[in-house]
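Residues per chain are reported as follows:
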Amino acid sequence: MVYKNQEIYLSFLRRLINYTHSDEFDHEGYKVLVKDICEYYRLAKGVTEFYPTQRMELLKQGEVLCDYDNGKGEKVLYRKRIITKAKAVIIGTLYVEDNDEIWSDEEMEQLDIMFRIIIGFVSRLRLLRKLEEFGFHDIDGYYNFRAFARFLDIANTENRLGGMAAFQIDLHNFTVVNQEIGRQNGDIVLRNYYNMLQEAIGDTGIVIRLGGDKFTGICDRKVKRKVFDLFAGVKVLYDEKNEKFVKVSAGAGVYMLPSPYVLKTPGDIMDKIMIAANAAKLQTEGAIIIYDDKMKNEKDRVKKVQGEFRKGLEKEEFLVYYQPKVDIQTRKLKGAEALCRWLKKGHIVPPMDFIPILEINNDICDLDFYMLDHVCRDIRRWLDEGREVVRISVNMSRKHLVDVDLLEHIMEIIDRNNVPHEYIEIELTETTTDVLFRDLKRVVSGLQEQGVYTAVDDFGMGYSSLNLIRDIPWNVLKVDKNFVPKNNEDEDSIVNIMFKHVIALAQDIGMECVIEGVETIDQLDVLRSNNCFIAQGYFFDRPLPVPEFEYRLDNKVYSEE
């Protein structure tokens with residue numbers, strides 16, 4: 001065995017040590033050094049393995065890189081396994097040709113020292129790369145908020161944030177996508193949509209995932225039209241043959257950064273795009289809401305209402321008003337809808353000033369249960385006073401449908417007040433998603449089994465109306481006034497024909513029809529001509545406070561005047 005030259009060995013050591021202390025890594029130079037070492041020591045191949053954890057080593061989930069291979073041998077000469085302080089596992093293996101001579105102890109010692117340096121150096125580089133991945137990516141590999149903050153900081157330092165477009169998006173009905181095509185395919189859709197956003201943004205910005213199907217990003221104004229088109233709706237493929245796809249759209253809140261723009265904190269941008277994104281949620285699919293200063297005032301108003309709501313519940317500031325339902329043939333009171341009014345500091349707050357705000361979170365559910373409880377109290381009192389009571393309908397927001405115990409909660413309130421079930425009608429609004437549709441069917445069927453009436457509210461305003469009355473056993477169909485033909489409408493018009501047949505269909509399957517928003521004698525004539533005889537609206541009565549409605553209960557017939 002030829003003794004290896006000590007000077008050459010020391011030269012290799014110096015070059016290796018220089019790389020380990022260098023601020024900038026010369027990858028090509030390092031490859032040349034490894035090649036020189038392997039050729040000098042007659043090594044056929046060198047392989048390093050990196051595993052972030054020992055468990056990932058067992059599962060073989062790591063990186064295996066071949067640092068050198070001359071294709072002449074697979075005989076293992078040397079193998080070293082190291083566990084770092086960070087508990088990562090580094091394994092280095094050196095191979096020689098099958099007929100290679102026996103190595104001396106001194107040669108092995110030289111090789112061991114150099115290889116330890118190489119493994120330590122390689123492990124440090126890979127750990128730094130893993131730290132980059134863990135620090136700036138989430139568990140699924142998407143950029144995270146740290147990456148967003150880093151991009152903003154760099155762009156701010158380079159004075160190029162001015163004029164950029166920052167955004168936050170929520171994908172529409174992605175729960176339904178997961179249910180229809182499976183979560184695994186749903187994950188593929190999510191990733192492909194994210195990649196489409198990244199491609200549209202290019203090097204001008206960044207897109208990150210905040211969690212679930214919520215994304216945040218920033219891009220140059222020059223590419224914002226391509227990005228905004230993806231928000232409006234795009235086909236996203238999810239199979240290997242590129243044949244299967246779903247349409248994905250998003251509600252987007254956007255903040256157009258002024259120019260020049262100096263960033264104080266990432267929160268300055270996040271606050272604005274979140275305000276706009278929350279407004280976009282209340283719009284139609286693909287809505288893009290641009291932030292302006294008025295939205296800040298609206299956010300403050302929302303916070304104020306949400307803060308005052310709890311105190312209002314405790315003080316029972318929310319009052320039940322009753323709007324009568326009238327048989328237009330007999331002019332008799334047939335029922336009423338319970339509507340909420342907020343009496344705050346002696347003034348009535350219009351429902352539109354607080355109901356949409358309570359719909360943002362689950363506050364509306366607490367208000368609905370409060371209203372049902374107070375309606376039940378009134379009905380119990382009227383029965384105890386010997387009044388002839390009519391059926392009262394109470395609205396329940398679709399927000400309730402995610403509550404698996406909704407039926408039990410409703411029945412607990414009714415039974416706690418000892419109210420006969422037939423005096424309560426629960427109004428639910430039709431929904432356009434399959435998931436909520438199934439929940440809706442479950443709740444309606446359960447209420448009917450308990451003898452509680454159910455009504456579908458605002459029929460004709462959604463897209464699933466016929467399925468709704470075909471698949472769910474409602475008692476009452478409440479038809480929105482916008483679905484009712486005008487008095488001068490041609491008898492053969494589509495509107496007239498649709499209205500006539502929908503009403504006939506509902507009545508044939510045993511549903512009671514109530515027309516909302518009736519205000520004129522002409523509208524009454526349209527109802528009569530279509531054999532629809534129960535009306536609710538200002539023609540007979542506005543929503544009434546309890547004392548005035550009690551007068552209606554005691555004097556049930558409306559005059560012809």
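No experiment lies behind these values; they were computed from the predicted model shown.

About the criteria used
- Residues numbered from 1 in each chain as written.
- Predicted model: local features only at pLDDT ≥ 70, side-chain atom pairs only at ≥ 80, totals over all residues.
- Heavy atoms only, no water.
- Pairing = 2+ DSSP bridges.
- Helix = DSSP H or I, 4+ residues; strand = E, 2+ residues; numbered from the N terminus.
- Axes fitted to C-alpha atoms, helices over the stretch in contact; angles between N-to-C directions.
- Buried < 20%, exposed > 50% of the residue type's maximum accessible area, 1.4 Å probe, protein only.
- Arc of directions from axis to C-beta.
- Patch = residues over 30% accessible without salt bridge, like charges linked within 9 Å, V, L, I, M, F, W, Y side chains within 5 Å.
- Areas by Shrake-Rupley, 256 points an atom, 1.4 Å probe, with all protein chains shown as cover.
- Salt bridge = Lys/Arg side-chain N within 4 Å of Asp/Glu carboxyl O.
- Lys, Arg positive; Asp, Glu negative; His and termini not counted.
- Charge placed at Lys NZ, Arg CZ, Asp CG, Glu CD.
- Parallel < 35°, antiparallel > 145°, perpendicular 65-115°, else oblique.
- Contact = heavy atoms within 4.5 Å.
- Nonpolar A, V, L, I, M, F, W, Y, C, P; charged D, E, K, R; others polar.
- Phe/Tyr/Trp six-rings, centres within 6.5 Å; stacked < 30°, edge-to-face > 60°.
- Lys NZ or Arg CZ within 6 Å of the ring centre and 35° of its normal.
- Polar contact = N/O pair within 3.5 Å; in protein donor to acceptor, adjacent residues only side chain to side chain.

(A) Highlighting the sheet that holds strand β10 (residues 250-256). As summarised here, the arrangement of the five strands in space is β6-β7-β5-β10-β11, forming an open sheet in which the pairing is mixed. Each edge of the sheet is formed by a strand with only one pairing partner; in this case those strands are β6 (206-211) and β11 (288-290). Adjacent strand axes in the sheet meet at a mean angle of 20° when their direction is disregarded. Two strands pair when backbone bridges link them, and β6 and strand β7 (residues 214-219) are joined in this way by five bridges, in the antiparallel orientation. Note on β7: the bridge partner recorded for I208 is T216.

(B) Representation of helix α13 (residues 406-416). Within the sequence span of α13, burial applies to L406, L407, I410, M411, I413 and I414. When α13 is viewed along its axis, its buried side chains cluster within an angular range of 160° and face the same direction. Looking one or two residues past α13, N418 carries a phi angle of roughly 55°, positive in sign.

(C) Up close: a positive patch on the surface. On the surface, a cluster of positive charge is contributed by K304, K311, K315 and K345. Here K311 shows up in helix α10 (residues 293-314). We classify K311 as exposed; its relative accessible area is 54%.

(D) Seen up close, the pairing of strand β17 (residues 453-459). Of all seven residues that make up β17, five are buried, and the element is covered over most of its length. In the sheet, strand β16 (residues 424-429) pairs with β17 via five bridges, with the strands oriented parallel. Its bridge partner being in β17, E425 is matched across the sheet by Y453.

(E) Structural view of the packing of helix α6 (residues 174-181) against helix α7 (residues 183-201). Closest axis-to-axis distance for the α6/α7 pair is 6 Å, and the angle between their directions is 130°. Relative to α7, the element α6 lies oblique. Along the contact surface, α6 presents F174, N178 and I181, while α7 presents R183, N185, G186, D187, V189 and L190. Here the contact of α6 with α7 is built from residues that sort into four nonpolar, three polar and two charged.

(F) Region of interest: the pattern of salt bridges. A complete count under the given rule lists 33 salt bridges for this structure. E425 is paired through a salt bridge with K325; the nearest N and O atoms lie 3.3 Å apart. Of this pair, E425 sits in strand β16 while K325 is found in strand β12 (residues 318-327), placing the two residues 100 residues apart along the sequence. The residues E425 and K325 share a single accessibility class, namely buried. Salt-bridge contacts for R381 lead to D378; the nearest nitrogen and oxygen are separated by 3.3 Å.

(G) The packing of aromatic side chains, seen in detail. All chains considered together, the criterion is met by 17 aromatic pairs. Between the aromatic rings of Y142 and F215, the centroid separation amounts to 6.2 Å while the plane-to-plane angle is 65°, which identifies the pairing as edge-to-face. With Y142 in the loop between α4 (105-136) and α5 (145-157) and F215 in strand β7, the pair connects residues that are 73 residues apart, well separated along the chain. On the accessibility criterion, Y142 (3% relative accessible area) is buried. The class for F215 is buried, based on a relative accessible area of 0%. Members of the aromatic cluster, joined through ring pairs, are F309, F318, W342, F354 and Y370. Just above the ring of W342 sits the side chain of K344; from NZ or CZ to the centre is 4.7 Å.

(H) Main features of the sheet that holds strand β2 (residues 63-69). An order of β2-β1-β4-β3 is seen for the four strands of this open sheet, with the pairing classed as antiparallel. The open sheet has two free edges, formed respectively by β2 and β3 (75-83), since each of these has just one partner strand. For this sheet the average axis-to-axis angle between neighbouring strands, irrespective of direction, equals 15°.

(I) Structural context of a nonpolar patch on the surface. A cluster of nonpolar side chains, namely L466, L505 and I509, defines an oily patch on the protein surface of about 280 Å² accessible area. Structurally, the position occupied by L466 is in helix α15 (residues 465-471).

(J) Region of interest: unusual backbone geometry. Here S259 and P260 are connected by a cis peptide whose omega angle stands at 5°. Position of P260 among the secondary structure elements: in the loop between β10 and α9 (266-281). Non-glycine residue N418 carries a positive phi angle of around 55°. Tracing the backbone shows N418 in the loop between α13 and β16. Positive phi values are uncommon outside glycine, yet N531 reaches one of about 55°. Along the chain, N531 turns up in the loop between α17 (521-529) and β20 (534-536).

(K) A look at the environment of Y51. One can find Y51 in strand β1 (residues 45-51). Its relative accessible area of 2% is what places Y51 among the buried residues. In this structure, the C-alpha to C-alpha distance between Y51 and G62, residues 11 residues apart in sequence, is 4.6 Å. Leaving out residues up to four positions away in the same chain, Y51 has contacts with M56, E57, K60, Q61, G62, V64, A88, V89 and I91. A distance of 2.7 Å separates polar atoms of two side chains, one belonging to Y51 and the other to E49.

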